[in-house]
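Summary of the model geometry
These are the residues of each chain, in order.
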Amino acid sequence: MTPLKDSIKVLNGFGRSLEEILPKLRNGYLVESSGLAQQLAASFPSAYFLTPEGECFHNATVTGGKPASEGPLALKRELRETETRQAKLETGVAQAEAEAAALTTTIEELTQKLETRSEERRQAESDTANQGAALKQMESEAQRIERRIEDWMAQAARNKDARETKRSGIEKNREEAVRLEAEHAQAEAALDELQVQLAMLRQKREGLQQQAAQLTAELAGLKNAGGAPKQPSNALTGSMPTWSAGC
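Below: a short report on this structure. (Residues numbered from 1 in each chain as written. Predicted model: local features only at pLDDT ≥ 70, side-chain atom pairs only at ≥ 80, totals over all residues. Heavy atoms only, no water.)

As a further point, take the sheet that holds strand β4 (residues 55–58). Pairing is mixed across the open sheet formed by five strands, whose spatial order is β1-β2-β3-β4-β5. Looking along the sheet, the strands with just one partner apiece sit at the ends: β1 (2–3) and β5 (61–64). Bridge count between β1 and strand β2 (residues 28–30): two bridges; the pairing is antiparallel. Across the sheet, the residue bridging to Thr2 is Leu30, located in β2. This element, helix α3 (residues 34–43), spans β3 (48–50) and β4 of the sheet and lies at about 20 degrees to β4. (Pairing = 2+ DSSP bridges. Helix = DSSP H or I, 4+ residues; strand = E, 2+ residues; numbered from the N terminus. Contact = heavy atoms within 4.5 Å. Axes fitted to C-alpha atoms, helices over the stretch in contact; angles between N-to-C directions.)

Direction of pairing for β3 relative to β4: antiparallel, over a ladder of two bridges. Across the sheet, Leu50 pairs through a bridge with Cys56, a residue of β4. Two successive antiparallel strands, β3 and β4, enclose a turn made up of four residues, where Gly54 displays a positive phi of approximately 90 degrees. Sheet topology places β4 next to β5; four bridges connect them, and they run antiparallel. Counterpart to Phe57 in the pairing with β5 is Val62. Linking β4 to β5, which pair antiparallel, is a turn of two residues; within it Asn59 sits at a positive phi near 60 degrees.

As structure tokens, then:
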């Protein structure tokens with residue numbers, strides 16, 4: 001007894017898929033005689049047993065055979081039908097392969113787009129972190145300048161008090177009064193310069209806060225909709241201002 005599938009060579013890449021379509025090919029066996037085929041069919045009702053005469057024994061039924069007047073014609077007809085089914089299967093397989101190739105290309109394109117969007121999101125997150133760090137640094141610098149201004153104002157007040165005290169005895173110590181006047185003028189000049197710098201720094205800080213808020217909104221939109229964020233402003237990439245008067 002020989003499995004029928006071992007005696008048939010399947011071309012064009014059908015492989016095991018053809019066994020799923022043709023039960024006789026999957027569960028068929030070649031036997032030497034009709035008597036043996038009948039015995040085996042009774043013992044294995046789900047299998048097909050084919051004889052050299054073309055008979056097919058399956059459970060309790062017998063089909064096929066090659067009578068002298070009909071055998072060749074029936075065999076040719078079955079061969080033509082099989083060839084027709086095979087041609088249809090080949091067409092379906094070719095179509096399926098074309099669709100699979102198209103789907104593979106689409107998947108690759110979508111994967112590339114996803115990687116691009118992921119990289120843009122990571123860049124946006126990095127830019128947001130940099131903006132936040134720069135803004136924090138600017139706020140710290142502003143606080144430092146404010147403390148310097150307070151110190152200068154306190155010093156100016158002390159100088160003013162000292163000047164008033166000195167003026168009461170200006171006739172006794174005119175040189176000391178002149179020195180204090182000079183220190184006061186210097187302090188007021190430094191104070192004016194620091195106030196101008198503080199105003200500029202506050203204006204920059206407000207601009208950075210607006211940019212950070214905008215970038216945060218763009219990042220949220222990118223995470224929700226996969227959109228590309230705008231390029232971050234260069235306002236934070238420049239160098240920090242250099243302060244005078246001991247700042």
